[in-house]
Amino acid sequence: MAYKLGAVVVALIVLLVVIVVGLACVAAVGWLLMRRRRSRVDPAAREAMLDRVGYARAGAAWTRTLDDNAVIVFEEGPGWKWTVRLPRYNTMSLTVRERSAAEPLSGAFEAGIADLDQRFVFASPLAAQTVGLVGNGSVANALLGVPWLSMSLGADELVVEDPALAGLERVTGSTAVGGAAALRAEEEIHQAVAVVVSTVFRVLYSRFTGTIMDEFR
């Protein structure tokens, strides 16, 4: 009798364990599905965000005109890329890379600002000419305001790119484009890039003559 009672108790315990495990599995699957649904890209929400920032669809890209009439072309592929045509040809070139990910660069120099030099590697064939630009307080703050930065300034264009979405990952912990947190982070990144463009243009060019300032010739 005792043996039968023990067997019944064991069977009940096993059944209870199976029920608990089953419920836990159902809850886990439901949580994963909900999380996936929340992180899924909502095209309408993302387009609304880009529209709110100031972009307009231009074929496969997006364009945004800033207050100083600089036009940013935003392109998506494996990563993100922002390109701005310079209003005037200039003889200065500058490369800015995150120190943690930078390959050896020819013509590397220090900006002379601790926060910048700790985070970035700067390079230019004419460092003495270029250090005046990156050493400007407004430009320094703008560069530091971008979560992850790879920037190139050439004769006729300024390019900011993030091929691996490292900036998004730095803010949200993930490279997934979508979900409320990712959209907020992306909006902040777009605004930070716009600040870099406007600030570089404001320092590099005279607002009154529209030409390269003498110290940057």
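Refer to the preceding data block for the structure.
Model, not experiment: these values are computed from the prediction. (Residues numbered from 1 in each chain as written. Predicted model: local features only at pLDDT ≥ 70, side-chain atom pairs only at ≥ 80, totals over all residues. Heavy atoms only, no water.)

Draft legend 1. Structural context of the overall build of the chain. What the chain contains, in helices and strands, is 7 helices and 9 strands. The contacts in the chain between residues at least 6 apart in sequence include a share of 57% that link residues at least 24 apart. Working note: accessible area of the chain is about 12400 Å², and carbon and sulfur atoms make up 60% of it. (Helix = DSSP H or I, 4+ residues; strand = E, 2+ residues; numbered from the N terminus. Contact = heavy atoms within 4.5 Å. Areas by Shrake-Rupley, 256 points an atom, 1.4 Å probe, with all protein chains shown as cover.)

Draft legend 2. Up close: empty space enclosed by the protein. On inspection of all chains with the given rule, the structure shows 1 cavity of 30 Å³ or more. The space that makes up the largest cavity amounts to roughly 30 Å³. As for the largest cavity, its lining consists of Trp80, Trp82, Val146, Trp148, Val160, Glu161, Asp162 and Ile189. Put simply, the parts of the chain that give the lining of the largest cavity at least two residues each are β4 (80-85) and β9 (157-162). (1 Å grid on protein atoms, 1.4 Å probe; cavity = no way out; pocket = protein on both sides within 12 Å on 5 of 7 lines; lining within 4 Å. Points joined across faces, edges and corners; volume = space filled by probe spheres on them.)

Draft legend 3. Structural view of the packing of helix α2 (residues 43-53) against helix α7 (residues 179-204). Running from N to C, α2 and α7 cross one another at 25°; their axes reach a closest spacing of 10 Å. As far as their axial angle goes, α7 and α2 are roughly parallel. In this structure, the crossing between α2 and α7 has a hand that is right-handed. Residues Ala45, Arg46, Met49, Leu50, Arg52 and Val53 of α2 touch α7, and the partners they reach there are Leu183, Glu186, Glu187, His190 and Gln191. Taken together, the residues of the contact of α2 with α7 break down into 5 nonpolar, 2 polar and 4 charged. (Axes fitted to C-alpha atoms, helices over the stretch in contact; angles between N-to-C directions. Parallel < 35°, antiparallel > 145°, perpendicular 65-115°, else oblique. Left-handed = near helix turned anticlockwise from the far one by under 90°. Nonpolar A, V, L, I, M, F, W, Y, C, P; charged D, E, K, R; others polar.)

Draft legend 4. Structural detail: the environment of Glu188. Mapped onto the secondary structure, Glu188 falls in helix α7. Sequence spacing of Glu188 and Val171 is 17 residues, and the spatial spacing of their C-alpha atoms is 9.7 Å.

Draft legend 5. Molecular detail of the sheet that holds strand β6 (residues 108-109). Strand order in the open sheet formed by 9 strands is β1-β2-β3-β4-β9-β8-β5-β7-β6, and the pairing between neighbours is antiparallel. The outermost strands of the open sheet, each flanked by one partner alone, are β1 (56-58) and β6. As defined by bridge partners, β6 adjoins strand β7 (residues 120-123) across 2 bridges and the pair is classed as antiparallel. Residue pairing for β7: Ala108 is matched across the bridge by Ala123. Sitting on the sheet, α7 is in contact with β2 (61-65), β3 (71-76), β4, β8 (150-153) and β9, with an inclination near 25° to β4. (Pairing = 2+ DSSP bridges.)

Draft legend 6. Geometry of the pattern of salt bridges. Across all of its chains, the model carries 7 salt bridges by this definition. Among the salt bridges present, the one from Arg85 reaches Asp156, with a minimum N-O distance of 3.4 Å. A residue pair is termed long-range when its members are at least 10 positions apart, and Arg85 in strand β4 and Asp156 in the loop between β8 and β9 qualify at 71 residues. Look at Asp156 and you get partly exposed, because its relative accessible area is 34%. Two residues, Arg119 and Glu98, come together in a salt bridge whose shortest N-O distance is 2.7 Å. Residue Arg119 is located in helix α3 (residues 114-119), and its partner Glu98 is located in strand β5 (residues 94-98); the two are separated by 21 residues in the primary sequence. For Arg119, a relative accessible area of 16% puts it in the buried group. Within the structure, one salt-bridge network assembled from shared partners comprises Arg46, Glu76 and Glu186. (Salt bridge = Lys/Arg side-chain N within 4 Å of Asp/Glu carboxyl O. Buried < 20%, exposed > 50% of the residue type's maximum accessible area, 1.4 Å probe, protein only.)

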